[in-house]
Amino acid sequence: MTIATHETNEAAEMARDSARDFAEKRLRPTAQEFDEHEAIPKSLYQEAAELGFMGMMFPEEFGGLGLDYTAYAMAMEELARGNAAFQVGVTVHNSLVCSGIIKFGTDEQKRRYLPKAAKAEWIGAYSLSEPGSGTDAGSLKTRAEDKGDHYLVNGTKAWVTNAGFADFFLTFVSTSPELKNKGITALLIDKGLPGFTLGKKEMKLGIKASDTRELIFQNCKVPKSALLGKVNEGFKIAMMQLDNGRISIASQAVGIAQAAFEEAVKYAKQRQQFGKAIAEFQLTQAKLAQMAMNIDAARLLTYRAAGLMSRGVKCTKEASMAKLFASQMCNKVCFDAVQIHGGNGYVREFPVERYFRDARITEIYEGTTEVQHLIIAREVLAQSGS
Ligand code: CAA
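As the structure is a prediction and not an experimental result, all values here were calculated from the model.

Asker: Honestly, the environment of Asp-35 in this entry has me stumped. Any pointers?
Answerer: Along the polypeptide, Asp-35 turns up in helix α1 (residues 10–37). Residues Asp-35 and Ala-163, spaced 128 residues apart in sequence, show a C-alpha to C-alpha distance of 17 Å. Residues contacting Asp-35, with those up to four places away along its chain left out, are Lys-208, Ala-209, Arg-354 and Arg-357.

Asker: Would you mind going over the site of the ligand with me for this structure?
Answerer: For the ligand, the set of nearby residues contains 25 residues, the closest of which are Thr-135, Thr-161, Lys-182, Lys-236 and Arg-378. The separation between an oxygen atom of the ligand and a polar main-chain atom of Gly-367 is 2.9 Å. Here an oxygen atom of the ligand and a side-chain polar atom of Arg-378 are 2.5 Å apart. Burial of the ligand by the protein chains amounts to 75% of its free accessible area of 1100 Å². Where the shell around the ligand is concerned, the elements lending two or more residues are α4 (84–104), β3 (150–161), α6 (234–270) and α10 (369–383).

Asker: When you look at the pairing of strand β5 (residues 184–190) in this model, what are you seeing that I'm missing?
Answerer: Here is the key point about a regular strand: its side chains alternate between the two faces of the sheet. Counting buried positions along β5 yields seven of seven residues, so the element is predominantly enclosed. Here β5 shows two buried faces, one formed by Ile-184, Ala-186, Leu-188 and Asp-190 and the other by Thr-185, Leu-187 and Ile-189. Inspection of the sheet shows strand β4 (residues 168–174) paired to β5 by seven bridges, in the antiparallel sense. Within β5, the residue paired with Leu-170 across the bridge is Leu-188. Inspection of the sheet shows β5 paired to strand β8 (residues 227–228) by two bridges, in the antiparallel sense. Of the residues in β8, the one forming a bridge with Leu-187 is Leu-227.

Asker: Sorry, what's going on with the nonpolar core here?
Answerer: Nonpolar side chains in soluble globular proteins tend to be buried together. Counting 99 residues, the largest nonpolar core has Tyr-45, Met-56, Phe-86, Tyr-126 and Phe-172 as its most contacted members. Per-element accounting of this core gives the leading share, 17 residues, to α6. Those residues within four positions of Phe-86 in sequence are excluded, and the remaining contacts are Phe-22, Leu-27, Ile-40, Leu-44, Tyr-45, Ala-48 and Leu-79. Ala-125, Tyr-151, Val-173 and Cys-220 belong to the second largest nonpolar core, which has 17 residues in total.

Asker: It is not clear to me how the packing of aromatic side chains should be interpreted in this structure. Could you clarify?
Answerer: Note on aromatic pairs: each is described by the distance of the centres and the angle between the planes. Scanning the entire structure with this criterion turns up twelve aromatic pairs. Where Phe-22 meets Phe-86, the ring centres are 6.3 Å apart and the plane angle is 50°; that geometry is what we call tilted. Residue Phe-22 is found in helix α1, and its partner Phe-86 is found in helix α4; the two are separated by 64 residues along the sequence. There is no split in this pair, since Phe-22 and Phe-86 are both buried. Aromatic pair Phe-169 and Phe-196: ring centres 5.1 Å apart, planes at 80°, arrangement edge-to-face. In this pair, Phe-169 sits in strand β4 while Phe-196 sits in strand β6 (residues 196–201), placing the two residues 27 residues apart along the sequence. For the residue pair Phe-169 and Phe-196, the accessibility class agrees, reading buried in each case. Through a chain of ring-to-ring contacts, three or more aromatic side chains come together here, namely Phe-22, Tyr-45, Phe-53, Phe-86 and Phe-165. For Arg-112, the ring lying beneath its charged end belongs to Tyr-113, and the centroid distance is 5.2 Å. The ring of Trp-122 has Lys-116 sitting right over it, with the charged end atom 4.9 Å from the ring centre.

Asker: What am I meant to see in the environment of Lys-323 here?
Answerer: Here Lys-323 lies in helix α8 (residues 316–341). Considering only alpha carbons, one finds Lys-323 and Asp-21, 302 residues apart in sequence, at a separation of 25 Å. Leave out the neighbours within four places in its chain, and Lys-323 touches Arg-246, Ile-249, Ala-250, Thr-362, Glu-363, Ile-364, Tyr-365, Glu-366, Gly-367 and Gln-372. A polar contact of 2.9 Å, which involves the side chain of Lys-323, links it to the backbone oxygen of Tyr-365.

Asker: Looking at this model, I keep getting lost on α4. Mind explaining?
Answerer: Residues spaced three or four apart along an α-helix face the same direction, because each turn holds 3.6 residues. Across its 21 residues, α4 extends 28 Å between first and last C-alpha, which sits within 8% of the 30 Å expected from 1.5 Å per residue. The largest bend along α4 measures about 35° and falls at Cys-98. In terms of residue burial, α4 counts as a mostly covered element, since 18 of its 21 residues are buried. One side-chain oxygen of the residue at the start of α4 lies 3.0 Å from the amide nitrogen of Ala-85, identifying that residue as Asn-83.

Asker: What is the right way to read the side chain of Ser-174 from this model?
Answerer: You can see Ser-174 is positioned in strand β4. With relative accessibility at 5%, the residue Ser-174 sits in the buried group. Beyond its immediate chain neighbours, meaning those up to four positions away, Ser-174 contacts Leu-140, Thr-142, Arg-143, Ala-144, Gly-183 and Ile-184.

Asker: Can you help me understand the packing of α8 against helix α9 (residues 352–360) in this one?
Answerer: Describing two packed helices takes the angle between their axes plus the distance from one axis to the other. Direction vectors running N to C along α8 and α9 enclose 160°, while the axes themselves pass 9 Å from each other. Taken together, the axes of α8 and α9 lie roughly antiparallel to each other. For the element pair α8 and α9, the recorded crossing hand is left-handed. Seen from α8, the contacting residues are Cys-330, Asn-331, Cys-334, Phe-335, Ala-337, Val-338 and His-341; seen from α9, they are Val-352, Tyr-355, Phe-356, Ala-359 and Arg-360. When grouped by side-chain class, the residues that make up the contact of α8 with α9 number nine nonpolar, two polar and one charged.

Calculation rules
Residues numbered from 1 in each chain as written. Predicted model: local features only at pLDDT ≥ 70, side-chain atom pairs only at ≥ 80, totals over all residues. Heavy atoms only, no water. Helix = DSSP H or I, 4+ residues; strand = E, 2+ residues; numbered from the N terminus. Contact = heavy atoms within 4.5 Å. Near = heavy atom within 4 Å. Polar contact = N/O pair within 3.5 Å; in protein donor to acceptor, adjacent residues only side chain to side chain. Areas by Shrake-Rupley, 256 points an atom, 1.4 Å probe, with all protein chains shown as cover. Buried < 20%, exposed > 50% of the residue type's maximum accessible area, 1.4 Å probe, protein only. Pairing = 2+ DSSP bridges. Core = buried A, V, L, I, M, F, W, Y, C linked by side-chain atoms within 4.5 Å. Phe/Tyr/Trp six-rings, centres within 6.5 Å; stacked < 30°, edge-to-face > 60°. Lys NZ or Arg CZ within 6 Å of the ring centre and 35° of its normal. Expected span 1.5 Å × (residues − 1). Bend = angle between axes of the 7 residues up to and from the residue. Axes fitted to C-alpha atoms, helices over the stretch in contact; angles between N-to-C directions. Parallel < 35°, antiparallel > 145°, perpendicular 65-115°, else oblique. Left-handed = near helix turned anticlockwise from the far one by under 90°. Nonpolar A, V, L, I, M, F, W, Y, C, P; charged D, E, K, R; others polar.

Here is the structure:
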């Protein structure tokens, strides 16, 4: 499965090999059990941290590996191939939350959060959506009133990955409601503040072992030191963090699809019908050929976006293209992997049943398929001039 392109590098390939080894030993064997129990022990994140996966792109002075987005994307594909529910927790922590602290945080914030985050002593969560605002993220209502030495936060956030065990929450709140998305501010809110509680754990179709909950703020006093970036500039931070995050979800989709594809190939070679292996039938072969080609295409789009991000080039369009193509590809590959398994693909004894369920979210979170189309079209039209 090695793909050497101009977008990869030696450090990235080492990170990928290390992630593959960890996934084979620690993620794949436990994925089904964690799916059934709908939880992952926090200690598994700490094990991943020992190998550097919780601070892959943090500067070394803050306990990270100082790697680039290419290394990160390649490693995250491997973690997703092992267990997508685990991978999303790692990626939210790294690319949605901590990369924002690296980019927009004060020295004090970097020193406070990053060394502990690299060790997974503290895990991050990202909170943009609300019960009434998903795709229209700029319409969020959670209010943070400036009270001099603190913000008074009231409202409910929704669909927060890692919420049950996270220690700090990159939370987007409205500081100037009259300015709509130009009145949104980013706050780093620590768990345990009076007035901050968690809602019940969501029972999901797929990635069931990841922990998703509401955050409820009732007259919660958040210190001014929680401000990330500038007041009323939070929406752009949210969007820039999603450019990073969409590369992670593209990697996740490629990883799930790769796992489903490998199972389909194995099964097609073993399963006998009409006196021969079903891999010998051309209709099976056509499916396998399409799966292989589309996984590679998605992987290359992901590497391209990661390569641009590593070089500091704005890649909103390329990140959305990678996320859109990879998530649609993942759903189709998992659909066909179930089809190749026939009835056996529809039961839990075979992992493709889980891959099929896990695939679905890749077209929903960090921007739906519909939003990715919108973003790509806007970028294409803007780049085409008048
Ligand atoms: N980088 C930098 N700036 C950006 C940007 C980007 N990628 N995208 C937008 N902006 C800026 C714009 O330039 C604009 O700035 P100006 O006002 O100075 O011109 C400002 O932000 C507002 O942008 P838009 O006018 O495009 O805003 P909009 O209200 O039309 O929204 C949208 C655009 C693309 C639909 C956006 O709301 C969006 O991405 N929605 C989807 C939200 C989403 O992905 N949610 C996922 C939740 S997180 C999650 O799923 C995590 C998890 O659990 C795993």
